[in-house]
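# Fold and contact review
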Amino acid sequence: MLKRGLGVLATALTLAACSPSDPDHPVAARVNREEISERQVDAFIKQQPQARPEQGEALSRKALDQLIDQELAVQKAEELRLHKDPKVLQQMEAARRQILAAAYADQVRAAAGKPTQEEVQRYYDANPALFAERRIYNLQRLDIEAPPEQLDTLRARLAASKNLTEFTAYLKAQNLRFAAQQTVAAANELPLASLGTLAQMKDGQSLLNRTPNGLQVVILLSSRPQPVDLERARPMIENFLGNQRRNEHWQQELKTLRAAAKIEYQGRFATAPAAPAASAPAAAGASAVLAPNPSTTPQYTH
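Below you will find a few notes about this structure. Note that this is a predicted model, so its numbers are computed, not measured. (Residues numbered from 1 in each chain as written. Predicted model: local features only at pLDDT ≥ 70, side-chain atom pairs only at ≥ 80, totals over all residues. Heavy atoms only, no water.)

## So, the overall build of the chain
For the chain, the count of helices and strands is nine helices and six strands. Partitioning the intrachain contacts of the chain with sequence separation of at least 6 by distance along the chain shows that 75% fall at a separation of at least 24. Within the structure as shown, the chain displays about 19,400 Å² of accessible surface, and the carbon and sulfur contribution to it stands at 52%. (Helix = DSSP H or I, 4+ residues; strand = E, 2+ residues; numbered from the N terminus. Contact = heavy atoms within 4.5 Å. Areas by Shrake-Rupley, 256 points an atom, 1.4 Å probe, with all protein chains shown as cover.)

In structure tokens form, the structure reads like this:
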């Protein structure tokens, strides 16, 4: 029953799927006239990101106590008829819609299928900088705050500087604010948009990117090869391509649903929304701002 999910929405969704009176799932506790099953305890534990299996019985006991507290609060809320409060009803309806939409999205994504071995091989071959020619990069990064009219001057000054110390001294003399950061990152921890350029660079060379606040300078201090063969890369590529396929499958389903629906914008939304503007093309030689971005590439340990 939906009103029993007032405590924790995600927990309520999972727990509502099991009946405390089910003989296959023994009762863990009775709170007044309501039962909490062992299955509810197990489901609650799975939703706790900090939970560790080695905690064993202590973890289960703690989870059960939390569910008891929750049940007591729910019973009191019902006694006070909070589930009839308009604000609570609105939140419950919003929760119901979110849950149903997420459940359908999960169903659609699950039907997308897995990438074939040929697709995995093609991705591996098409991205040598990520795999066969993978490197570990030691990078120095400068994020410089500067107005657009100074960017060309900064580029020229960087090219003329003998070393980074000379260039940073110039920035200080010009009273330009900047932040320096040195990092070591593997190829798969960097944005794909920058990786192609980095892979072609030699130690000591620099990469310049425009940013909303000015300019970013990335200097390749050193690098070392650390290739990954296909067999080691396969599970990560399969996961990456699978996620990509599932998301594309869901976006296509949304387009289909919208095309089949009659959607009328009304009130202050009566004016149809303008089509999203196309992204402006990057300046010649520019790459994506360089920062670790693990969500864009298959991930594996060094």
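## Remarks on the pattern of salt bridges
Summed over the entire model, instances satisfying the criterion amount to eight salt bridges. Glu119 serves as the salt-bridge partner of Arg245, at 2.6 Å between the closest nitrogen and oxygen. In this pair, Arg245 is assigned in helix α9 (residues 230-260) and Glu119 in helix α5 (residues 117-126), connecting sequence segments 126 residues apart. Here Glu119 falls in the partly exposed class, since its relative accessible area comes to 22%. (Salt bridge = Lys/Arg side-chain N within 4 Å of Asp/Glu carboxyl O. Buried < 20%, exposed > 50% of the residue type's maximum accessible area, 1.4 Å probe, protein only.)

## Quick look at the environment of Ala105
Counting through the fold element by element, Ala105 comes out in helix α4 (residues 86-110). Note: C-alpha distance between Ala105 and Glu253 (148 residues apart in sequence) is 9.0 Å.

## Details of the nonpolar core
Of all hydrophobic cores here, the largest spans 23 residues; its most connected members are Tyr123, Phe131, Tyr137, Leu139 and Ile237. Contributions of two or more residues to this core are made by α5, β3 (135-145), α8 (192-200), β6 (214-225) and α9. Within the second largest apolar cluster, 14 residues are counted, among which are Phe167, Leu171, Val217 and Ile219. (Core = buried A, V, L, I, M, F, W, Y, C linked by side-chain atoms within 4.5 Å.)

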